[in-house]
Amino acid sequence: MTNNNTIRELKLHSPAGVEPAVFTWPNIERQKTKQDAIFIAGDEIVRTIRLVFEDYPELYQQNVNLDQCDIHSYNKMKELCDKFNKIIDTHVKLNRGTETFSARLEQRATAKLFRHILAQVYSRAVTNPDKLRDYEPFSPSVYGETSPDLIDSILKLINLTEDQTFIDLGSGVGNVVLHVAALSNCKHVYGIEHEETPATYACAMGDEFRFWMRWYGKHHSEFQLEQGDFLSHPKMDERIKEADVIFANNYVFGSTVNHELKVKFMNMKDGAKIISSREFCSESFRLNDRTKNDLGAVMHVTKPEECFGKVSWSDKSVQYYLHVIDHSKLAHYYEKVHQLHTKGSKT
């Protein structure tokens with residue numbers, strides 16, 4: 001008879017041949033469904049095995065019986081893990097060192113696999129999600145997350161390339177940064193978060209993400225998550241100046257923070273993009289002598305249909321705005337003013 005206080009572990013061997021993943025089994029034989037749980041009992045193990053077989057269809061064997069496995073039975077789950085591990089061990093032994101094996105390690109995760117990885121990462125790193133809600137409503141520090149579906153749409157829109165960089169200002173626990181690092185073939189992804197609780201969780205998220213991407217044998221872009229104030233960080237001005245894409249959930253930043261960001265964005269390079277939940281200049285902006293020093297003088301702003309979707313801080317969908325830096329807009333204005341002055345002096 002098993003002691004209910006005994007912590008038991010199940011392991012799954014990695015198809016990439018790295019250290020195994022360890023799953024802590026619940027301390028009761030049949031776990032009841034928890035409303036807030038991401039995974040129930042052996043559900044995570046079954047989903048993980050299923051996704052590995054989708055990635056390596058040649059490894060699937062009928063006797064694994066994923067559809068009939070009792071996820072609440074420790075003994076049945078251990079039996080499943082043992083079968084899976086034998087299959088994986090044989091695969092790694094026969095293929096490690098081959099070109100095909102090495103080439104697989106350069107592939108990126110599918111969107112479906114990444115969603116599962118993100119759930120695994122979050123369930124392990126964010127040990128007390130309630131702490132993320134301990135902020136004054138509608139203050140600049142309020143915590144919120146953008147839905148993965150919306151981030152997928154934004155990534156398709158901005159189409160990052162291998163020489164480009166992405167910055168998330170107010171990156172929370174790092175969901176967006178990890179999303180971009182996993183699915184976009186960009187040079188570097190950077191996230192900065194001011195509040196201690198989400199920043200601490202972000203550090204753990206980064207560690208878990210690296211482990212699981214390595215376990216599945218999936219490539220990801222380089223990324224960094226750190227705690228700090230993006231308005232006063234000593235390296236922030238240079239990072240913003242060189243960035244290709246900046247993401248900001250600035251809906252609750254407040255007018256002061258948004259104004260200071262506008263000043264920093266004035267030095268961004270032509271073609272750089274800003275995605276934000278509140279526009280930094282109106283779509284109806286008109287460039288004239290009174291507005292020539294405003295950020296709108298060097299950017300174009302639109303409301304793409306792709307940038308409309310769910311967020312955690314509202315039960316309604318939110319419109320995100322796409323801003324594209326274009327300093328020629330101001331140059332053309334000055335050229336036009338000069339031509340008018342020249343014409344006027346001649347007459």
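Residues numbered from 1 in each chain as written. Predicted model: local features only at pLDDT ≥ 70, side-chain atom pairs only at ≥ 80, totals over all residues. Heavy atoms only, no water.

Looking at an unreviewed UniProt entry, one finds the chain named Histone-lysine N-methyltransferase, H3 lysine-79 specific, with Adineta steineri as its source organism. The UniProt entry for the chain carries the following comment under Function (unreviewed entry): "Histone methyltransferase that specifically trimethylates histone H3 to form H3K79me3. This methylation is required for telomere silencing and for the pachytene checkpoint during the meiotic cell cycle by allowing the recruitment of RAD9 to double strand breaks. Nucleosomes are preferred as substrate compared to free histone." (UniProt positions renumbered as here; feature names shortened; annotations may be inferred.)

Next up on the list: the pattern of salt bridges. What the rule picks out here adds up to 17 salt bridges. The residue Arg 115 makes a salt bridge to Asp 152 at a minimum N-O spacing of 2.7 Å. Of this pair, Arg 115 sits in helix 4 (residues 111–125) while Asp 152 sits in helix 5 (residues 148–158), and the two are 37 residues apart along the sequence. A salt bridge links Arg 239 to Glu 226; its shortest N-O distance comes to 3.2 Å. Highlighted residues: Arg 239 in helix 8 (residues 236–242) and Glu 226 in strand 5 (residues 222–227), separated in sequence by 13 residues. Exposure remark for Arg 239: the relative accessible area of 23% places this residue in the partly exposed category. Three or more residues are tied together by salt bridges with common partners; here these are Arg 115, Asp 149 and Asp 152. (Salt bridge = Lys/Arg side-chain N within 4 Å of Asp/Glu carboxyl O. Helix = DSSP H or I, 4+ residues; strand = E, 2+ residues; numbered from the N terminus. Buried < 20%, exposed > 50% of the residue type's maximum accessible area, 1.4 Å probe, protein only.)

By the definition in use, this model includes 14 aromatic pairs. Between Phe 166 and Phe 247 the ring centres are 6.5 Å apart and the planes differ by 20 degrees, which places this aromatic pair in the stacked class. Of the two residues, Phe 166 sits in strand 3 (residues 165–169) while Phe 247 sits in strand 6 (residues 245–248), which places them 81 residues apart along the sequence. The same class applies to Phe 166 and to Phe 247, which are both buried. Clustering of aromatic rings is evident, with ring pairs tying together Phe 23, Phe 211, Trp 212, Trp 215 and Tyr 216. Above the face of the Tyr 190 ring, Arg 239 is positioned so that its terminal group lies 4.1 Å from the ring centre. (Phe/Tyr/Trp six-rings, centres within 6.5 Å; stacked < 30°, edge-to-face > 60°. Lys NZ or Arg CZ within 6 Å of the ring centre and 35° of its normal.)

So, on to the packing of helix 4 against helix 7 (residues 196–216). Packing of helix 4 against helix 7 brings their axes to within 9 Å, and their N-to-C directions diverge by 135 degrees. Between helix 4 and helix 7, the crossing angle belongs to the class labelled oblique. In terms of crossing hand, the pair formed by helix 4 and helix 7 is right-handed. Counting all contacts with helix 4, which are made through Leu 113, Phe 114, His 116, Ile 117, Leu 118, Gln 120, Val 121, Tyr 122, Arg 124 and Ala 125, the residues of helix 7 involved are Tyr 201, Ala 204, Met 205, Glu 208, Phe 209, Trp 212, Met 213 and Tyr 216. (Axes fitted to C-alpha atoms, helices over the stretch in contact; angles between N-to-C directions. Parallel < 35°, antiparallel > 145°, perpendicular 65-115°, else oblique. Left-handed = near helix turned anticlockwise from the far one by under 90°. Contact = heavy atoms within 4.5 Å.)

Here the focus is the confidence of the model for the chain. When pLDDT drops low, the exact placement of atoms in the prediction is not to be read closely. Within the chain, residue pLDDT values average 89, and 90% of them lie at 70 or more. Overall, residues 28–36 carries pLDDT values under 50, and its contacts beyond four positions in sequence, including any with other chains, amount to 14 contacts. (pLDDT = per-residue confidence, 0-100.)

Moving on, we get to the side chain of Ser 276. Here Ser 276 shows up in strand 7 (residues 273–276). Apart from the residues within four sequence positions on either side, Ser 276 is in contact with Ala 248, Asn 250, Gln 319, Tyr 320, Tyr 321 and His 323.

Let us look at the packing of helix 6 (residues 175–183) against helix 7. Contact pair helix 6 / helix 7: the axes reach a minimum separation of 11 Å and the direction vectors enclose 25 degrees. As summarised for this structure, helix 6 and helix 7 are arranged roughly parallel, according to the angle between their axes. Where helix 6 crosses over helix 7, the handedness of that crossing is right-handed. Facing Asn 175, Leu 178 and Ala 182 of helix 6, the residues of helix 7 in contact are Met 205, Phe 209 and Met 213. In terms of residue class, the contact of helix 6 with helix 7 is built from 5 nonpolar, 1 polar and no charged. (Nonpolar A, V, L, I, M, F, W, Y, C, P; charged D, E, K, R; others polar.)

Below, the discussion takes up the nonpolar core. Within the largest apolar cluster, 69 residues are counted, with the highest numbers of intra-cluster contacts made by Phe 166, Met 205, Phe 209 and Trp 212. Residue contributions to this core reach at least three from each of two domains, namely domain 1 (8–106) and domain 2 (140–334). Setting aside anything within four residues of it in sequence, one finds Met 205 in contact with Leu 118, Val 121, Tyr 122, Ala 125, Val 126, Val 173, Asn 175 and Leu 178. Listed in part, the 30 residues of the second largest apolar core include Phe 230, Phe 280, Cys 281 and Phe 285. (Core = buried A, V, L, I, M, F, W, Y, C linked by side-chain atoms within 4.5 Å. Domains from an automatic or database assignment.)

For strand 3, the buried fraction is high: 5 of the 5 residues fall into the buried class. Burial along strand 3 is two-sided: the residues Thr 165, Ile 167 and Leu 169 and Phe 166 and Asp 168 are all buried. Remark: the strand 3/helix 6/strand 4 (residues 188–193) crossover connection has right-handed handedness. Pairing of strand 3 with strand 6, which is carried by 4 bridges, proceeds in the parallel orientation. What sits directly across from Asp 168, in strand 6, is Phe 247. (Right-handed = clockwise from strand over helix to strand, strands pointing away. Pairing = 2+ DSSP bridges.)

Time to look at the side chain of Glu 195. Locating Glu 195 in the fold gives a position in the loop between strand 4 and helix 7. Of the side chains with opposite charge, Lys 131 lies nearest to the buried Glu 195, which makes no salt bridge, at 13 Å. Engagement of the side chain of Glu 195 in a polar contact is seen with the side chain of His 194, the distance being 3.2 Å. (Lys, Arg positive; Asp, Glu negative; His and termini not counted. Polar contact = N/O pair within 3.5 Å; in protein donor to acceptor, adjacent residues only side chain to side chain.)

Further remarks concern the sheet that holds strand 3. Reading across from one edge, 5-4-3-6-7-11-8 is the order of the 7 strands in this open sheet, with mixed pairing throughout. Every interior strand has two partners, whereas the edge strands, strand 5 and strand 8 (299–302), have only one. The average angle at which neighbouring strand axes cross in this sheet is 15 degrees, direction not considered. By the bridge criterion, 6 bridges tie strand 4 to strand 5 in an arrangement that is parallel. What sits directly across from Val 189, in strand 5, is Phe 223.

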